[in-house]
Amino acid sequence: MFKILKKEELSDLVILFEIEAKDIAKKARAGNFFVLKIHEQGERIPLTIADFDRDRGTITTVFQKMGKTTHHLGTLNEGDSILDMTGPLGIHSHIENFGKVVCVGGGVGIAPTFPIARALKEAGNAVISIIGARTKELIFWEDKMRAVSDELIIVTDDGSYGQKAVVTTPLDALLRENQDIKLVYAIGPAIMMKFVCVTTEKHNAKTIVSLNSIMVDATGMCGACRVEVGGETKFACVDGPEFDGRKVDFNLLMSRQRMYIEEERVAMERYKEKSGGN
Amino acid sequence: MEEKRAGKKPENRVKMREQEPLARAKNFMEVPYGYTPEEAKKEASRCLSCLKPSCRGGCPVSIDIPSFIKLIKEGRFIEAAWKIKEDNAMPAVCGRVCPQEIQCESLCILGKKGKPVAIGNLERFVADYERDNAGMEVPEKPKSTGRKVAVIGSGPGGLSCAADLIKSGHQVTLFEALHKAGGVLVYGIPEFRLPKVIVEKEVDYIRRLGVDVIVNALIGKLFTVDELLTEQGYDACFIATGAGLPVFLGIPGENLNGIYSANEFLTRANLMKAYLFPEYDTPIKRGRNVAVFGGGNVAMDAARVALRLGAEKVCLIYRRSEAEMPARKAEIHHAHEEGIEFMLLTNPLRFIDDGKGNISAVECIKMELGEPDASGRRKPVPVKGSEFRIEIDVAIPAIGTRPNPLLTRHVPGLLLNKRGYIVADYETGMTSKPGVFAGGDIITGSATVILAMGAGRRAAKAINDYFRWKYWDTAKLQGSG
């Protein structure tokens, strides 16, 4: 059992948990993820490790309420426990002093971008960060991101906060003006990562993305998470989750993410009925 | 004496009653019902109690078969179970999933004139009887040796090794990456062949023997093998991480929605209980027309699960003929009975899309058998111009696995072969790294439950020898990589 020590509602939809997981915290690094299963009948879902505190023995995750499992997860409170957690999973980010880098975090993807930006900053990089969301309410961790970035750009689709733009607008401008940008990190919805890669392709900028495919065991055993990178099939759980974004087949990723859309609807409706519209 | 016996017409084997094929193809309940005590005694009475029994030699863990059968004849069922447990900690599992027909039963003298003694059925009976009537009593704890062993992987190899080591008085920790212990017994083998309640009881028994079972512990990530051997103070470790990563067909369209590796399909259905969705949260595509590719036990399991999930038609597509299928005869028979359609001498060429990212058909080609290949089996070659299409909405390649590098890539000094399997001595499980033993599918590639158990037992014995003599021999491993 893994106890939730802290819960923070970053918005109506986005929740932060700090969870007691001593051994996972000890090994966690930027770019890793973990899998959790809330209860006996639950499904295994991968979530990103947004931060870790080795002294406290905790990991922090941020998730958005989407389907049944994340809605259920969002009803848990401080002091409650999660039945199963496995991690740290995936190959952690490769960090070195590249020079000048851009970190793009979209929506709930701001959370896993943070430890990567921090590690890049600590390694001596000049870090420019772009965080974006649909609307002001969904922007979080502005302070944390600012603390690890030399420059922070905020965008919202509706212009309610920061620039009224999508993340690719300032990214395109940055790449145009700074020929010395060595690397772009982008984490967010598949569609965002796809268009980030369209932008970086234009400027021939190296791009790393973190893929959020459907997983079951997340240890390489099942292949549910397969993605195509440079025409080759890869398992996001053990070969990734980070890949060279310009080689990723995002259309396939998005199609595979929709595989259970009907089952997700059924599960959600049933859950709403049972929990009284929560 | 022998002649006189051989001359007597042996009685027919007592058949184990089972669910009717058409009924069982729609539920996940176990297929055979098991023997009653009367049936067990009757079947046991067929055993000739040979002076020089050969059956025992056919058992990878050398169960004292004649002795346990004798105890059944006498109605001493619980003692019979204990007799088996001297050599095998999980008789309820082995009685169900061992390929007895090519092991113990193939050597039974009765088999020369009729059916051999149903050793597997009897093993299953006494194990079930003991569990239901005596609560699987735990033997007295041995004196502690002060040694600590880490067993990595809680499948059949790890469980049997842990059981033997704890009986030798060592402190044993069993690490499992998934949230439930049992390995292939819980994620792979379906409920109707091996009810999960039985696996849980067997794992619980191992726990009660004193083994510390830790789930959600992915060794290689959470702890490395070196950390176990140094910081955590383990004196030895046994790696039994199993078959690993699924192999796909390598044909176009393989990542369309609706195409599952057999590992994924079975894991969703068995471990995650997706057949009970939405009661359980894990979904699974319930195909109307399902194609399974392969001819092994895993292919049979996947096909029979698809049927139970409500498929109208399940095709088993195999590129050779039925005679070459590696699956157990009994499993092939069960699949036929339940209405699985065998499409033999057929090879898939590509999967076809419905325009929305889902699979809608598979294009295949007919094959014919040519000259024998390296495996000794006649090599299938395509018949020109024989391409055809089958409409399907779920496809399940079940063509094998390759080793998972998650653990092995983090163990310096551990010799792997070209294909990534751990190089280890067959008899002892000794690897190139002192203190590290390995066995089961991670050294041999996909095999059976009982072979992994045999490897676990041999490694336990070798670990005891290693503690006694501090002896490490890797000479035999040279050059095998």
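Residues numbered from 1 in each chain as written. Chains lettered and ligands numbered in written order. Predicted model: local features only at pLDDT ≥ 70, side-chain atom pairs only at ≥ 80, totals over all residues. Heavy atoms only, no water.

Participant: Report on the overall build of chain B, specifying residues and quantitative values.
Facilitator: Counting its secondary structure elements, chain B contains 17 helices and 15 strands. The C-alpha atoms of chain B give a radius of gyration of 23 Å, which matches the 23 Å a tight globule of 481 residues would have. Referenced to the eigenvectors of the C-alpha coordinate spread, the extents of chain B come out at roughly 65 × 60 × 50 Å. Across chain B, contacts joining residues at least 24 apart in sequence account for 69% of those joining residues at least 6 apart. Summed over all atoms, the accessible surface of chain B reaches about 20200 Å², with 53% contributed by carbon and sulfur. Of the charged side chains in chain B, 68 are positive and 59 negative, and the gap between their average positions amounts to 3 Å. (Helix = DSSP H or I, 4+ residues; strand = E, 2+ residues; numbered from the N terminus. Rg over C-alpha atoms; globule rule 2.2 N^0.38 Å. Contact = heavy atoms within 4.5 Å. Areas by Shrake-Rupley, 256 points an atom, 1.4 Å probe, with all protein chains shown as cover. Lys, Arg positive; Asp, Glu negative; His and termini not counted. Charge placed at Lys NZ, Arg CZ, Asp CG, Glu CD.)

Participant: I'd like a description of the domain arrangement of chain A, backed by residues and values.
Facilitator: All names here are of chain A. Its domain assignment divides chain A into domain 1 (2-89) and domain 2 (100-210). A straight line from the C-alpha centre of domain 1 to that of domain 2 covers 24 Å. Residue-level contacts link 16 residues of domain 1 with 13 residues of domain 2. Here domain 1 and domain 2 share an interface that buries about 1200 Å² over both sides, 65% of which is from carbon and sulfur atoms. Applying the counting rule to domain 1 against domain 2 returns two salt bridges. Asp-51 serves as the salt-bridge partner of Arg-118, at 2.8 Å between the closest nitrogen and oxygen. Applying the counting rule to domain 1 against domain 2 returns three residue pairs in polar contact (both at pLDDT 80 or more). Counting only elements with at least two residues in the side of domain 1 that touches domain 2, the list comes to strand S2 (14-20), strand S5 (51-53) and strand S6 (58-64). Sort the elements by how many residues they give to the side of domain 1 that touches domain 2 and S6 lands first, with four residues. When its residues are assigned to classes, the side of domain 1 that touches domain 2 shows nine nonpolar, five polar and two charged. (Domains from an automatic or database assignment. Buried area = accessible area lost by both parts, 1.4 Å probe. Salt bridge = Lys/Arg side-chain N within 4 Å of Asp/Glu carboxyl O. Polar contact = N/O pair within 3.5 Å; in protein donor to acceptor, adjacent residues only side chain to side chain. Nonpolar A, V, L, I, M, F, W, Y, C, P; charged D, E, K, R; others polar.)

Participant: Pulling in residues and values, what's your account of a nonpolar patch on the surface?
Facilitator: Residue and element names in this part refer to chain A. A cluster of nonpolar side chains, namely Ile-191, Phe-195 and Val-198, defines an oily patch on the protein surface of about 260 Å² accessible area. Mapping Phe-195 onto the fold places it in helix H6 (residues 190-203). With a relative accessible area of 40%, Phe-195 lands in the partly exposed category. (Patch = residues over 30% accessible without salt bridge, like charges linked within 9 Å, V, L, I, M, F, W, Y side chains within 5 Å. Buried < 20%, exposed > 50% of the residue type's maximum accessible area, 1.4 Å probe, protein only.)

Participant: Residues and numbers for the pattern of salt bridges, please.
Facilitator: The final tally for this structure, using the stated rule, is 58 salt bridges over all chains. Linking Lys-7 of chain A and Glu-9 of chain A is a salt bridge whose minimum nitrogen-to-oxygen distance equals 3.9 Å. Classification of Lys-7 of chain A as buried rests on a relative accessible area of 16%. Note on Glu-9 of chain A: relative accessible area 53%, which makes it exposed. Where Asp-128 of chain B meets Arg-96 of chain B, a salt bridge forms, and the shortest distance between an N and an O atom there is 2.8 Å. Here Asp-128 of chain B is found in helix H7 (residues 119-134), whereas its partner Arg-96 of chain B is found in helix H6 (residues 91-97), with 32 residues between them in sequence.

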